[in-house]
Amino acid sequence: MKQTITHWLESALYSARESGDLNWETMPEFEVEAPRQKEFGDYGTNLALTLAKQARANPRQVAETLIRHLPAESESWREKVEIAGAGFINFTLKAGWAGEIVKTILQAGIQYGQGSSGQNRRVLIEFVSANPTGPLSVGHGRNGILGDMMARILTALGWQVYREFYINDGENSTQIRNFALSILAQFKHLKGEPLQMPEEGYFGDYVMEIAQWIRDTQGDSADEGDPEEVTRRFEEWGKQLMLEEQERDLKEFRIEFDNWFSEQTLHASGAVERSLEVLKEKGATYEHEGALWLRSTAYGDDKDRVLVRANGRPTYVAADVAYHLDKYLRGNEILIDVLGADHHGYIKRMKAVVEALGYEPDSLTIMLYQLVRLFREGQMVRMSKRAGNIITLREVMDEVGVDATRFFFLLRSHDSLLDFDLDLAKQQSDKNPVYYVQYAHARICSILRQAVERGFALPALETTDTHLLQHEAEIQLIKLLGDFPEELALAGEQRAPHRLTIYAQNTARAFHSFYAECRVLGVEPALMNARLCLTQATRQVLKNTLDLMGVTAPEEMERREADEELSS
RNA sequence: GCGCCCGUAGCUCAGCGGAUUAGAGCAUCAGACUUCGGAUCUGAGGGUCGGGGGUUCGAAUCCCUCCGGGCGCGCCA
């Protein structure tokens with residue numbers, strides 16, 4: 001409906017210009033929205049206000065002119081059009097208009113809301129990319145959810161999405177090395193030697209478990225031989241086990257990747273050197289004190305960055321140059337990296353890299369998310385990965401459940417700090433908004449089941465008069481359902497998945513409200529059919545939204561409250 | 001010191017491509033079906049949108065500045 005009204009307004013604009021009533025050059029930006037106060041009608045627009053600015057005219061007069069030029073086809077829909085406030089144009093539509101939206105939704109079904117703005121272009125989303133030196137943290141969970149939902153959203157908007165996990169397994173990585181040395185230390189300890197952890201060692205229990213696994217499968221002699229070789233072996237074992245665990249946990253968290261990209265392959269294949277050559281050719285590098293530098297300040301970075309150390313080893317940045325170049329060479333037009341807020345310094349650097357490589361800096365989006373703070377018994381849980389006292393994603397998943405955890409992570413804007421209270425999440429899980437939305441879906445399914453049980457066949461769309469849907473609660477709900485395509489598009493454009501979480505809650509609320517106001521089953525047959533259609537349409541939209549969130553849409557739920565009351 | 005993010009109701013947060021009277025959940029208080037699931041609904045109280053300037057006919061929204069909180073600022077990754 002918003003679109004229809006937008007068309008009317010555009011048509012009025014052209015008509016007014018042709019007749020000389022109004023002068024304008026560029027199409028003004030304006031919005032069509034449902035006003036909060038119902039006295040203002042069903043939809044309103046600020047068009048006259050934005051246009052008045054451009055034309056330096058009185059907004060109310062502009063509004064009058066526009067109304068005069070509204071196309072004839074709009075007359076069968078409009079009840080009345082009014083000018084209000086500074087120059088808003090408010091439309092009140094004829095009773096029954098909302099029924100059309102219900103039909104549109106039911107016809108589109110699972111595809112309702114999808115768009116084609118992606119035009120089949122390719123986008124690569126890199127996310128999680130945890131170091132293979134430990135289990136996934138809760139922060140990785142937030143990262144994973146954001147990337148995953150973004151991928152689902154962009155797919156729905158017509159993009160060809162490729163999901164990738166970048167494994168920081170470069171042999172020059174000190175982290176991995178320390179990790180390997182930690183395992184080795186535990187291994188020797190298992191054999192009875194005193195525990196001698198490296199300085200920056202990893203202390204988690206899982207390190208010991210890996211050492212144990214190596215001892216069980218490789219025997220006591222696993223640490224014999226050339227020390228460098230031994231470290232390399234332990235590195236490989238540790239890395240493999242960690243990656244397997246990460247993949248398993250992510251899969252259970254409903255996150256899967258098209259590809260796990262190994263940093264090491266970039267070093268091994270010579271891709272790193274080649275990409276550095278590209279930078280050199282573009283004149284974006286220089287040598288200083290024996291090291292090779294990227295002149296990133298020339299592209300807006302705060303300082304220049306070392307690409308190759310004086311000792312000849314390439315830095316992490318060098319690998320990232322090669323990696324991002326590789327992403328582009330694989331035909332991706334748009335790149336999205338999902339990173340924790342502690343990497344914010346990374347944005348300017350990577351934009352500089354992209355530009356130095358000859359690509360459009362805006363083609364790379366870095367989605368930063370703020371950190372997650374865990375609370376238990378009202379206390380913030382301090383965590384350190386090396387010390388091994390982290391709460392893992394797996395623990396949270398097991399404690400809180402996948403649906404609730406995903407929903408919780410998607411509840412807040414990614415650039416807002418997220419406090420995750422474990423006790424609240426599990427003890428008062430019925431207060432969790434995820435149940436509110438899921439309950440609406442389950443309730444709808446229950447109504448539809450009942451309808452069949454009572455012998456009311458689910459109505460055919462062609463024979464149903466959806467124009468009977470005129471109750472205020474019905475209109476309210478339908479308006480929201482009609483907004484879904486726009487909400488989805490905005491979530492994609494703004495890279496703001498949480499918008500759909502808010503939307504899901506609003507839609508669920510509107511349905512619960514409708515449910516309380518309007519009986520579906522047992523009312524006059526024509527109206528019942530119309531309401532059954534609306535109920536089905538709502539189910540479809542909730543389902544589509546929950547699918548995008550990767551949260552299940554249950555057809556029934558346990559009646560937990562009732563059970564508790566019986567037992568108490 | 002420099003950079004990024006945040007500061008909106010008692011608490012947790014939406015809104016921030018300016019626009020008609022600032023929203024939701026939780027908490028508090030008061031109510032609601034002998035038929036569709038009470039994990040629900042209806043209503044009430046509660047806000048100088050951190051402070052101060054500026055732009056604008058109009059600012060929670062844009063700009064500047066200050067204050068408070070978080071996170072960074074390696075030839076680590």
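Predicted model, so just to flag it, every value in this text is computed and none were measured. (Residues numbered from 1 in each chain as written. Chains lettered and ligands numbered in written order. Predicted model: local features only at pLDDT ≥ 70, side-chain atom pairs only at ≥ 80, totals over all residues. Heavy atoms only, no water.)

1. Here we look at the overall build of chain A
If you tally the helices and strands in chain A, you get 20 helices and 15 strands. The dimensions of chain A, computed from C-alpha atoms along their principal axes, are 85 × 70 × 40 Å. Classification of the 568 residues of chain A by burial places 52% in the buried group. In chain A, once contacts between residues fewer than 6 apart in sequence are set aside, the share between residues at least 24 apart is 72%. (Helix = DSSP H or I, 4+ residues; strand = E, 2+ residues; numbered from the N terminus. Buried < 20%, exposed > 50% of the residue type's maximum accessible area, 1.4 Å probe, protein only. Contact = heavy atoms within 4.5 Å.)

2. Observations concerning the sheet that holds strand S8 (residues 285-288)
Across the sheet, which stays open at both edges, the 3 strands sit in the order S8-S9-S10 with antiparallel pairing between neighbours. The sheet terminates laterally at S8 and strand S10 (305-308), the two strands that pair on one side only. Averaged over all neighbouring strand pairs, the angle between strand axes comes to 45°, with direction disregarded. (Pairing = 2+ DSSP bridges. Axes fitted to C-alpha atoms, helices over the stretch in contact; angles between N-to-C directions.)

3. A word on the protein's contact with RNA strand B
Neighbouring residues of RNA strand B: 67 residues in total, closest Phe88, Arg309, His344, Tyr436 and Tyr439. The sugar and phosphate moieties of RNA strand B supply 61% of its atoms located within 4 Å of the protein. Interatomic distance of 2.8 Å between a side-chain N/O atom of Ser446 and a phosphate oxygen of RNA strand B. Between RNA strand B and the protein, one listed contact pairs a phosphate oxygen with a side-chain N or O atom of Gln450 at 3.4 Å. (Near = heavy atom within 4 Å. Polar contact = N/O pair within 3.5 Å; in protein donor to acceptor, adjacent residues only side chain to side chain.)

4. A few points about the confidence of the model for chain A
Mean pLDDT over chain A: 91, with 98% of residues reaching 70 or higher. Scored below 50 in pLDDT, residues 561-568 makes 1 contact in the model with residues more than four places away or belonging to other chains. Both scores are given for the predicted complex: the pTM is 0.93, the ipTM 0.94. (pLDDT = per-residue confidence, 0-100.)

5. Observations concerning the domain arrangement of chain A
When cut into domains, chain A gives domain 1 (2-94), domain 2 (174-252) and domain 3 (433-567). One C-alpha centre belongs to domain 2, the other to domain 3, and the line joining them spans 52 Å. (Domains from an automatic or database assignment.)

6. Quick look at helix H2 (residues 47-55)
Restricting attention to buried positions, one finds in H2 the residues Leu47, Ala48, Leu51 and Ala52. Seen along its axis, H2 keeps its buried residues to an arc of 120°; they face one direction. Next to the buried residues of H2 lie helix H1 (2-18), strand S2 (43-45), helix H3 (59-68) and strand S4 (88-93). Positive phi shows up at Arg56, right after H2, with a value of about 50°. (Arc of directions from axis to C-beta.)

7. A closer look at unusual backbone geometry
With glycine set apart, most residues show a phi of negative sign, and most peptide bonds adopt trans. A positive phi angle, close to 65°, is found at Val128, a residue other than glycine. Assignment of secondary structure puts Val128 in the loop between strand S5 (122-126) and helix H5 (138-156). Judged by relative accessible area, which is 5%, Val128 ranks as buried. Phi at Arg495 takes a positive value of approximately 50°, unusual for a residue other than glycine.

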